[in-house]
Amino acid sequence: PEWNPHALLAWRKHLDAHWRSAETAEAGALEALRGGGTLRLVAQRGDEARARRVGEWFAGWVREGLLVVRSRPGT
């Protein structure tokens, strides 16, 4: 086997556990969001092709249930 840097994403959708490998760039984008970054800032880190990829990742994250709306306590 060849070395292929990647990240492992794991999440729950309903009661089912899911996982998949992700490219280093996609994992970095998720980490930036987790750290308080915005999609706009993540997309601006590269060229137009990168911005499109961020949009595709975002659509996939929502579709797969990686990103969900979380209500704040008391709201």
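Residues numbered from 1 in each chain as written. Predicted model: local features only at pLDDT ≥ 70, side-chain atom pairs only at ≥ 80, totals over all residues. Heavy atoms only, no water.

Draft legend 1. Structural context of the pairing of strand β1 (residues 7-13). Pairing geometry for β1 and strand β2 (residues 16-22), over 7 bridges, is antiparallel. Across the sheet, leucine 8 pairs through a bridge with serine 21, a residue of β2. Hairpin connection between β1 and β2: a loop of 2 residues separates the two successive antiparallel strands, and histidine 14 in this loop has a positive phi of roughly 65 degrees. (Pairing = 2+ DSSP bridges. Helix = DSSP H or I, 4+ residues; strand = E, 2+ residues; numbered from the N terminus.)

Draft legend 2. Just the layout of surface pockets, in detail. Of the volumes computed, that of the largest pocket is approximately 290 Å³. Lining the largest pocket are Ala7, Leu8, Leu9, Ala10, Trp11, Ala27, Leu30, Glu31, Leu33, Arg34, Leu66 and Leu67. Put simply, the parts of the chain that give the lining of the largest pocket at least two residues each are β1 and α1 (24-34). For the lining of the largest pocket, the per-class residue count stands at 10 nonpolar, no polar and 2 charged. (1 Å grid on protein atoms, 1.4 Å probe; cavity = no way out; pocket = protein on both sides within 12 Å on 5 of 7 lines; lining within 4 Å. Points joined across faces, edges and corners; volume = space filled by probe spheres on them. Nonpolar A, V, L, I, M, F, W, Y, C, P; charged D, E, K, R; others polar.)

Draft legend 3. Inspection of the confidence of the model for the chain at higher detail. Looking at the chain as a whole, its pLDDT mean stands at 87, while 96% of the residues score no less than 70. Averaged over each element, pLDDT in the chain is lowest for helix α2 (residues 39-43) (89) and highest for β2 (94). (pLDDT = per-residue confidence, 0-100.)

Draft legend 4. Summary view of α1. Those residues of α1 that fall on the buried side of the exposure criterion are Glu26, Ala27, Ala29, Leu30 and Ala32. In this structure, the buried side of α1 is in contact with β1, β2, α2 and α3 (48-64). In the stretch just after α1, glycine 36 is the one whose phi turns positive, near 100 degrees. (Buried < 20%, exposed > 50% of the residue type's maximum accessible area, 1.4 Å probe, protein only. Contact = heavy atoms within 4.5 Å.)

Draft legend 5. Spotlight on the nonpolar core. Among the nonpolar cores identified, the biggest contains 11 residues, and these are Leu9, Trp11, Ala22, Ala29, Leu30, Ala32, Val42, Ala43, Val54, Trp57 and Trp61. Taken together, the elements giving at least two residues each to this core come down to β1, α1, α2 and α3. With sequence-adjacent residues up to four places away left out, leucine 9 is seen in contact with His18, Trp19, Arg20, Ala22, Glu26, Leu30 and Leu66. (Core = buried A, V, L, I, M, F, W, Y, C linked by side-chain atoms within 4.5 Å.)

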